[in-house]
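# Tertiary structure, described
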Amino acid sequence: LSITFLLFYSFEPLLNRLTLLMNGYSSSRDIIWKEVLFLIKSEPIFGYGLDTWKIHGIQHFSSIHNSLLEIIFYTGIIGLFSFSYILFLTAKEIYKEKEIRLYILLVYFFISSQFDHSIFTSKIFLSFLAIYMFYVFSYRVEKLKRKSIK
């Protein structure tokens, strides 16, 4: 899993993004995020629906560039609750298995998704997320198999 992760992502883009943000260069994310917060007020419960940024958002910006705002914009509070619950279950599973590497990867995924990637429209990001979740929860299946053999 770590090799797959490193093939698709490196720490350099995140460090570059954070450096730019700390120096006041936001790539207009502040404008995007203000608009998203304004729009969320109109559809807070269910959101606007998947992939509707091009319809309701600022036309010349391709995405929201913040996973939490993106989730609320597309799926509303209900989607945010669902995503948070899945994140909680994943963190709980990692904690039970005492896999600090997976926890670090989850934290990196969460932080990088706040600045760079779209959770819904990035094929690489969705693929990585699916592989990651499969890997985390495969420990449970292995334990069940071992218990049933005994």
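See the structure above.
Residues numbered from 1 in each chain as written. Predicted model: local features only at pLDDT ≥ 70, side-chain atom pairs only at ≥ 80, totals over all residues. Heavy atoms only, no water.

Right, let's get into helix α5 (residues 67-97). The terminal C-alpha atoms of α5, which comprises 31 residues, lie only 26 Å apart, well short of the 45 Å expected from a rise of 1.5 Å per residue. At Thr75, α5 shows its largest kink, close to 125°. In the stretch just after α5, Lys98 is the one whose phi turns positive, near 55°. (Helix = DSSP H or I, 4+ residues; strand = E, 2+ residues; numbered from the N terminus. Expected span 1.5 Å × (residues − 1). Bend = angle between axes of the 7 residues up to and from the residue.)

What follows covers the packing of aromatic side chains. In the structure shown here, the tally under the stated rule is five aromatic pairs. Look at Trp53 and Phe73: their rings are 5.5 Å apart centre to centre, the planes differ by 80°, and that puts the pair in the edge-to-face class. Taken together, the residues span a long stretch of sequence, with Trp53 in helix α4 (residues 53-56) and Phe73 in helix α5 at a distance of 20 residues. Comparing Trp53 with Phe73 shows no difference in burial state: the two are buried. Centroid distance Phe73 to Tyr74: 5.5 Å. Interplanar angle 65°. Geometry classified as edge-to-face. The pair formed by Phe73 and Tyr74 is uniform in burial state, with each residue classed as buried. A network of ring pairs unites the aromatic residues Tyr48, Trp53, Phe73 and Tyr74 as a single cluster. (Phe/Tyr/Trp six-rings, centres within 6.5 Å; stacked < 30°, edge-to-face > 60°. Buried < 20%, exposed > 50% of the residue type's maximum accessible area, 1.4 Å probe, protein only.)

Below, the discussion takes up the environment of Phe137. With respect to the helices and strands, Phe137 occurs in helix α7 (residues 123-149). Residue classification places Phe137 among the partly exposed positions, given a relative accessible area of 25%. For the pair Phe137 and Glu97, spaced 40 residues apart in sequence, the C-alpha to C-alpha distance is 9.9 Å. Beyond its immediate stretch of four places on either side in the chain, Phe137 contacts Leu89, Thr90 and Glu93. (Contact = heavy atoms within 4.5 Å.)

Function cannot be inferred from these measures alone, as they are strictly geometric.
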